[in-house]
Every structure is written in structure tokens, then in C-alpha cells.
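Okay, here's what each chain looks like letter by letter:
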Amino acid sequence: MGLVFGLLWLFNIFLEGIHCQGVYAPPTVRIIHSGHACNVEEERYTERVYTIREGETLELACLVSGHPRPQIRWTKTAGSASDRFQDSSVFNETLRITRIQRLQGGRYYCKAENGLGSPAIKSIRVDVYYLDDPIVTVHQSIGEAKEQFYYERTVFLRCMANSNPPVRYSWRRGQEFLSQGSDKGVEIYEPFFTQGETKILKLKNLRPQDYANYSCIASVRNVCGITNKNVLFKLSNKTASPTIKLLVEDPIVVNPGQTVTLVCVTSGGDPTPTLTWVHSADELPKKSVLNGGTLTLPAISIEEAGVYSCVASNNVGNPAKKSTTIVVRGLKKGRFWITPDPYHNDDNIQIGREVKISCQVEATPPEELLFSWLKNGRPLRSSERMVITHTDPEVQPGTTNLDIIDLKFTDFGTYTCVAVLKNGGIPEISIDVNISSTTVPPELTVPQDKSPLVVQEGDTVELQCLVSGKPKPIILWSRADKEVPMPDGGLQTESYDGALRIVNVSREMTGTYRCATSQYNGFNVKPREALVELTVQYPPAVEPLFTEIRQGLGRAFTLNCRMLRAHPSKVLKYEWKLGTRLLTMGQLDQRDETDYHVRALNREGYGEYTCEVTNEAGAGACRFLVTGRAYAPEFYYDTYSALWQNRPRVYGFKLQWTQQNPLSVDRIVAYRLGIKQTGQSRWWEQEIPMEGAIAKGELITHNLTELIKPEAYLVRLTPITRFGEGDSTDRTIRYSAPVNPHLREFQCSFEDEAVCMFTQDKRDDFDWTRHSAATRDTKYTPNTGPSSDRVGSKQGFYMYIETSRPRLEGEKARLLTPTFNVAPKSPYGTVTSSPTYCFGFYYHMYGKHIGALNAYLRQKGQSGADSSVWTLVGNQGDRWKQAKVNIHPTASFQLVLEGIRGPGIEGDIAIDDVTIEEGECKDPPHNNLRSLSPPTAHHICQFLVTLTLVFVGHQR
């Protein structure tokens, strides 16, 4: 009995640990392609290169497996550092780029993750092929004079074209192809520093026959169907680089609003040069008008001033370029400052001392700027006591100064600085400065009730600095920490009345603010400063803001609300409520969190719980929605042969799912299944009852039948508990023909009635039979055939040939796999080299009358006999063995498994776990041992149950 209890304990521990949840699996991923590929190269799975022509459609599909269904994300490593993949990632199974451009080439990654294990990542490099029109440029050199009348003249014709893959160039003179050595006067070469990028045709010591039409042909050897491109250049004794003339002055000085016309004409060059205009700001003004070599700028503005260049090019020699500068006249930014006598310690203006008034204006052009001074409206001229100077070298240009020496009472008055431009046309700027006994330097103070300021988040606050003195300067506000920006994002804010207004103040604006006097429009003295403290109160920030909690009736749980930060952080109160009903309240003293315990949940306990934490500034709330709704089911997408075709016009589908967190709420008593044809509005519904509790990871199956070919259907699944309906999950079911268009991996264990789309050969003598050891009748043939499927399960299925009567010796049964397509690897749809696949299966050949088991490769378009790839004859013992063989199809193909009846009834042959995988077979089969493949958790569960029951039976 101890052994039995030990096994039962081991069994329970195992179930508790894995819940027989073999369906849960980390993601796997592979990339397949469609669209307009020219070529796909695959080098042992490590490097996949997808070649496509520019302008075609790129379509990559990311096929995943794993449960729960993995989330898919496409990202890209750019082909160049500046290139981005649409500035985002694509969350979809299919990546589609219409009219792909060259900069969109690069490595694309498909990432799949479902929370189990590490994310699965596969990549493919997309190579975009293109060929631009070639361009021929011509250069010439003239050697030293050998005689007075003779010069050696050499011409270089350079051909260039942007392309991928690298271009090949060829030259033709007239109809004659030129090659190195075909003409002593011609040399063809590639410069070392531009290897592969260009091809130069050198005409040495130019001869009369060298004046001809030259064609450069650029070719990428017709890859992706890209045809050759060529360019024609006519070389004559008139061929010359361009020269141009500008029919305008330099510079051009105009007033704002005027229309400016720039004229550029060619004065030489063959072929005829093309003319373009460029602006120093990179782009021409939007309202500009370009007509050949004439550029018109209507109603020009100051911002449109700058250098304008005319460029002429005809691909001979270097482009010609000539420029002119447009200057738009204007005045702006008039400012003044008063400088007291520098030889006295105080900053006051007093009789008998010196005082200087400075005035500054920005002018364009600066040389046209003229200043004049007025006193009380009358012109003022420079004198011994009234010294007027212009453009002080110690300050920036555009400055005038009025120095009053030995200030007298009669000097008090209003002084006006007037700035104008020569020739008029621009409004003048005048600045008034009052000098009197009341002209005093500024002082700054902060009102007592304005610092420190305490406000609440979201209020409008005004920081105030009172400024005295005359004239009153501009006040500059900044943060005391100079690196912290002001509320408007800048480092300084100007104020003309001393106030700083902040709308919708936030907690980040708490701190010390500095107000200081500006040098401009006031005294040129050391700035006066004052500080203002601002404190922003805000309600508590709490977590979680919202949480959904799912619980079954009668269960206990705890809700926790935590305070993260608040100001003020003391005197914090809390209240727990269910709906509007108060549950409990208290105060957070030294703690920063509060809990609410529910000992046994009843129906009245469902609803929204709220915990409000309050201070002087307001309240923060944690919200918890307690519900008995069941979580959504998770559809299982990796069902082998989920779709089967039992009649010509209808099909069936094996729908499988697991329940997410089934133990978190009350037992699920049923599922509501809704199904509708896509594009239709009518739903059909039915309930699927559930007996007993659903375990975590338990795979639930429901067969859908009578689905009309080839329609797709939307399926909705909703769990039901005594609380009511839970969360729904949708899935679309699509019909697909029994063909794998691009084979990567195929596996079949014959567990489904559809047997993975295997078919019986109509030209054989009898059929293979799907069976399991649990239902097989061994009454007549006890010494042949398997006692379980390949993994040891008596409930598992396999295919076998029944050799009892009326079968005769030599009769054949053939089983055909689905038809698989080999993906083309050339632009013409043919397979340029035979791909390799590994065909594997398990066989059981036990009995004294065993005949033979053969495997053949059948290919489309090959009318001859099937190709034999594997064969075995005779009794191999009462065990499953594995066979593996490499196959090399060149077209769509099937595998044929042929069983031949031996001389008697003890000759049953069985097969199981058929696989076809891309690539060569990696591990040779261990035919002398039982398969070492790791069993699934489902099979382990079945094994432990069977083993336990056997031991219990023995003990009885």
C-alpha cells in the first residue's frame, strides 16, 4: 500500500505543478513572403534575403504558434541611420508596404510574445533593387604646348547611375561597342576610389573621328526584370562648359513690399545649359515665380532677404554659378539706457555730475542708419558739454550716445533719439528719455503678503515685485535655479509691470523665483534683484487608480490603497466606500497605505469599492471593481488539422480553447457559443454545458459542422457562471484548401478524423485504417500490430493495414499526404536548385507474416513512376521505430506510403507521427531503441493515471 500511496502522492504533486497544461507553450515564429519577390535566398536559416523591385508591393507574413496566442510586432533596423520604419512599429501578422522605395530596404524583425519564456524573434533582410537613368558628365584637359600652334587635348566622359545591385557599364560610339584595347585612342577604366560606381571613357589626344554620338548603357543584368538604361551624349568641336551673366546689381537694396526681379542668361555652353535659382536659406520663397532664368519675388519681406544664386549646368565641366545679395531695408528694436557718472560710488543723477544717454536701433543696411537728437522737441547739436557720438566700439553697432558733461538744472528735460535710413521710405524710430530731479535708479521690493505664496494646484497665481525709480525698467523673471525653465518653457520672462502671472499652476512650479531689473529702458547699473517663494499644494496621488478584482462567492480578499505623494503630507484622512455606503474611515499618521479586508464575499459585496485619501488640497481615490465575471477564454490556434472536409459543399472545424484563470471565480457551468457568417448580421447561438470544474490549461474541444465552403465565420465564446456572463472572445474561422502553399513544417499524429488531409489512393487494392489500441479487436490476430500509439497511449490513434481475410498476398494499400508546393526561388517561378526536406515517420512492423513498407516521392508534371525514397521488408519486432530520409522535390509534391500484404494474417503494418520539415535531417533515427522524443504533458498525465490504476489493481 505504501507504494500505491507514494504513486498517488507523486501523481497529485505532478498535476498540481503542471495541471496537465501541455497546451501552454512559449511562442515560435517564422516569416513567409508573398507579393512581388524577385528572389528569396535562404542560407541555412541564418540569413534570409528577400529581393524586390522598387515600386512593387512588399508583403511579409509572420506565422506564429504558442498558447496563449502570441502578440506580434514588426520592427525594422534601418538600411541607413536616418531611415525610420514609418516612425512606429506595426502590430499585425502581415507587414504590407505598397510601392516600396529604396530607403525602405533593411532588416525587418517579427517579434512574438505571450508571456511564456523569451519572445520569439525572426528576421529577414529586404533588398530593394532599382536602376536610375545614367548621367554622363564631360571634362577636358589641355596639355602643355609642344609647339606654338599645337596643344594636346584629352576628353573624359564619366558615366554614373544609382543602382542596386551594382551597375555594369558599357560604352558605344555610334553603333560601335567600345572596349579596352579596341581603339588606341580610347581608354576605358574605373577610378580606384570609386570602384564599381562609375566607368570613364578617356579620349586621348582628341581626333576628328572622336567627334561622335556616345551612348552609355547601364545594366543590372535584368535582375528583377529591370531593363538596361542608356543615355546619349553628342561630342562635337563646340562642346563647352556653361557660362552665364547676371543682369542685376549686387547688392540689390529694396524696401519691404517691393517686387524684385532677378535675370540670369547663358552666355556660352554646349549642350545648352539648364538654369536654376537657389537661396541661401535652401528653399526659394513660396510665392516666388520662376520662368527660365528669371526669378520674380513679389512683395518681398525682410525674412526673404539673403543671397540668391543662379546655377547653370550641362554636364560639361563644372556648373557655372553667380550670386547676388538682396538687402531689404528696415529698422527695429529701439532701446535706451542711462549711465550715471562712473566716477562716483552711488548711482544717482546729480547736478554737477556726468550722465550718458545711450540709444540703440537695429538697421538694415547698417551703413544707411542716421541718428539725430532732440531736446524738448528741438534739434540738439554736439557741443563741449553735449557730446554726441555714434556706434560706440564697446557696444554693438547701431548705437548713439549723448554725454552731458557737468549736469546743470537747465539740462533737465525730455531727450529724443531719432533713427532713420538714408533715402527714406522706412518709418523712423524715436525714443524719449526724461532727465530730471525725479530720475532715480530702480529699487525692487516684494510685498509682505506675496512671499511665501501658498496656492493649490490648478489655480492662477500672480508673483509680484514692486519696482520704484524713474524710468521704470523692464523686469526679468527667472528661476533661482537658473537651469530650471520658467512655466512658459524659456529661461527668462519679461514683465513691464513687475508681475508674473501663472495660469493653471502645477506642482512642478514649486520653488524660488527671482525678479531682476533689465539694463534696457532704464539705468545701466548693477541689476536689482528680489526673491519670491512659491509653494503649490496638491491632493494625494494614490495607487492603484483602478483595479478589477474577480472573485467567487464565499472567498476572502484584501484591498490595498497606497499614498505616493501629497502636499501637505500631514493630516491625511481616508474613507472606504462600497458604492455610496461608508464602510470604514480613519487617519494616516505614520503610514502611507490602508487596507480593507473582505472575509467572505456575498452577492451584496460585488460592486465598486472606493478609498478616498484627503488633505487640504483635495482628495485622491483608489477604485476597485469587484466582480464575479469569468475571464475570457483563450482560443487555441495550434490545433493540427483543425479543418476537415467531410462532404463536397460543407466543412467542419475543430474549435479548441483553454479558460483563462478558471479558478479565480465560481465554476464555469457552460459556454455560450455564437457563430455568424462574415458579412452577415444574423447570429446563431447555443450553450455548451460543462461538467465539473475546468482545470488551468485544460484543452476544451467543440466540433463545428455544416460550415459552407468557402465562407468564413466569426465565432464568439462567452463563459457563464452563477454570477452571469463573463468576458467574450472572438475568432475568425476561414476555409482553406488542403494545400500548404509554402512548406516549412508538417506534422500529423492522426488524432483527428480528418487525418491531416491524407487521402487513400484510388488505384490501390485496399485502404489504410485509422485506429487506436483501446478499440482494436485483437481476437483474430493477437501476434501482430501495435498495442499502443507511438507515445505509448492506448487512446492515441495511428494508421495501419489490416491483413486479415479477404486480403491476399501482394495486395497494396497506398496513403497519400496532402500536396505541398515548393516556393519558387527565381523570377521565372522555377526552382533554380532542389530544396531539401526531411521526411520522417514512425513504423510498427511486428508479426511473422510482415510484407513490406515503402515510401515514394510523387511530383507534379512528372508522368513517370513515383520515385522510391525508402523501403523495409519483414518483421522488425514489437516496437515503434523511426525512419528519416532526405527528399529533393523540384515541383509540387506528395509522399506515398505503401503497405504490402505478406503471406499471412499476422502481417499488420502501422505508421504514426508523420513529419515533413524544411532542411536536411539532423538526427539519425535510433531504430534499435524506443523513441527518445520527449512526451507532452498530456501523455505524461495519461501515463501516470494508467500506472497508478495498474498498481491499485495489483494491490487489490
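Residues numbered from 1 in each chain as written. Predicted model: local features only at pLDDT ≥ 70, side-chain atom pairs only at ≥ 80, totals over all residues. Heavy atoms only, no water.

**Looking at the sheet that holds strand β29 (residues 378-380)**
Pairing between the strands of a sheet is mediated by backbone hydrogen bonds and can be parallel or antiparallel.
Now for step 1: In spatial order, the strands read β29-β28-β32-β33; together these four strands make up an open sheet with antiparallel pairing. A strand with exactly one partner marks an edge of an open sheet, and here the two such strands are β29 and β33 (429-435). When strand polarity is set aside, the average angle formed by the axes of neighbouring strands in this sheet is 35°. (Pairing = 2+ DSSP bridges. Helix = DSSP H or I, 4+ residues; strand = E, 2+ residues; numbered from the N terminus. Axes fitted to C-alpha atoms, helices over the stretch in contact; angles between N-to-C directions.)

**A few points about the environment of Ser170**
Now for step 1: Within the element layout of this structure, Ser170 appears in strand β12 (residues 168-173).
Now for step 2: When its relative accessible area of 26% is taken as the criterion, Ser170 is described as partly exposed.
Now for step 3: When the C-alpha atoms of Ser170 and Lys199 are compared, they prove to be 8.0 Å apart, with 29 residues separating the residues in sequence.
Now for step 4: Once residues within four sequence positions are removed from consideration, Ser170 is found in contact with Phe177, Ser215, Cys216 and Ile217. (Buried < 20%, exposed > 50% of the residue type's maximum accessible area, 1.4 Å probe, protein only. Contact = heavy atoms within 4.5 Å.)

**Structural notes on the state of the cysteines**
Now for step 1: A complete count under the given rule lists eight disulfides for this structure.
Now for step 2: Across the disulfide, Cys465 is cross-linked to Cys515 (sulfur-sulfur distance 1.8 Å). Judged by the torsion about the S-S bond (-75°), the Cys465/Cys515 disulfide is left-handed. Note that Cys465 is positioned in the loop between β36 (461-464) and β37 (466-470) and Cys515 in strand β41 (residues 511-517), a separation of 50 residues in sequence. Residues Cys465 and Cys515 agree in their burial class; the two are buried.
Now for step 3: Shown here is the disulfide that connects Cys838 with Cys921, its sulfur atoms set 2.0 Å apart. (Disulfide = S-S within 2.5 Å.)

**A short note on the sheet that holds strand β19 (residues 252-254)**
Now for step 1: Judged by pairing direction, the sheet is mixed, and its four strands sit side by side in the order β19-β25-β24-β21 without closing on themselves. A strand with exactly one partner marks an edge of an open sheet, and here the two such strands are β19 and β21 (274-279). Taken over all neighbouring pairs, the strand axes of this sheet differ in orientation by 25° on average, direction set aside.
Now for step 2: Note: β21 against strand β24 (residues 306-313), six bridges, orientation antiparallel. By the bridge assignment for β24, Val278 is matched with Ser309.

**A word on the pattern of salt bridges**
Now for step 1: For the structure on display, the rule yields 40 salt bridges.
Now for step 2: The partner of Asp347 in a salt bridge is Arg528, and the shortest N-O contact between them spans 3.1 Å. With Asp347 in the loop between β26 (330-339) and β27 (355-364) and Arg528 in the loop between β42 (522-523) and β43 (529-543), this residue pair connects regions lying 181 residues apart in the sequence.
Now for step 3: Take Arg528: its relative accessible area is 16%, and that puts it in the buried class.
Now for step 4: With a closest N to O distance of 2.9 Å, Arg501 and Glu462 form a salt bridge. (Salt bridge = Lys/Arg side-chain N within 4 Å of Asp/Glu carboxyl O.)

**Re the nonpolar core**
Now for step 1: Formed by 35 residues in total, the largest nonpolar core has its most connected members in Phe750, Phe758, Phe839, Phe841, Leu853 and Ile911.
Now for step 2: For this core, the leading source of residues is strand β67 (residues 837-845), giving five residues.
Now for step 3: Look past the residues within four positions of Ile911 in its chain and what remains in contact with it is Phe750, Trp768, Tyr798, Met799, Leu815, Phe841, Tyr842, Tyr843, Leu853, Trp880 and Leu897.
Now for step 4: Listed in part, the 30 residues of the second largest apolar core include Ile357, Cys359, Leu380 and Ile388. (Core = buried A, V, L, I, M, F, W, Y, C linked by side-chain atoms within 4.5 Å.)

**Focus on the side chain of Thr339**
Now for step 1: Along the chain, Thr339 falls in strand β26.
Now for step 2: The buried category is assigned to Thr339, whose relative accessible area is 17%.
Now for step 3: A polar contact is formed between the side chain of Thr339 and the side chain of Asn524, at a distance of 3.2 Å.
Now for step 4: The contacts of Thr339, once residues within four sequence positions are left out, are Val355, Lys356 and Asn524. (Polar contact = N/O pair within 3.5 Å; in protein donor to acceptor, adjacent residues only side chain to side chain.)

**Description of the pairing of strand β20 (residues 260-270)**
Across a regular strand the side chains alternate sides, sitting on one face of the sheet and then on the other.
Now for step 1: One ladder, built from five bridges, connects strand β18 (residues 240-246) with β20; its direction is antiparallel. The residue bridging Leu246 from the neighbouring strand is Cys264, located in β20.
Now for step 2: Bridging between β20 and strand β23 (residues 294-297) involves four bridges; their strand directions are antiparallel. The residue of β23 that forms the bridge with Val263 is Thr294.

**Some points on the packing of aromatic side chains**
Now for step 1: All told, the structure shown has 18 aromatic pairs when counted by the stated rule.
Now for step 2: Taken together, a centroid distance of 4.8 Å and an interplanar angle of 70° make the contact between Tyr606 and Phe723 edge-to-face. Here Tyr606 is found in the loop between β48 (593-598) and β49 (607-615), whereas its partner Phe723 is found in the loop between β57 (713-721) and β58 (724-725), with 117 residues between them in sequence.
Now for step 3: On the basis of relative accessible area, Tyr606 is assigned to the buried category, the value being 13%.
Now for step 4: The ring of Tyr842 carries Arg790 above its face, with NZ or CZ at 4.3 Å from the centroid. (Phe/Tyr/Trp six-rings, centres within 6.5 Å; stacked < 30°, edge-to-face > 60°. Lys NZ or Arg CZ within 6 Å of the ring centre and 35° of its normal.)

**What about the environment of Thr769?**
Now for step 1: Structurally, the position occupied by Thr769 is in strand β63 (residues 769-772).
Now for step 2: Taking the C-alpha atoms as reference points, Thr769 and Tyr798, separated by 29 residues in sequence, lie 8.3 Å from one another.
Now for step 3: If sequence neighbours within four positions are ignored, Thr769 has contacts with Tyr798, Met799 and Tyr800.

On their own, these measurements won't tell you what the molecule is for.
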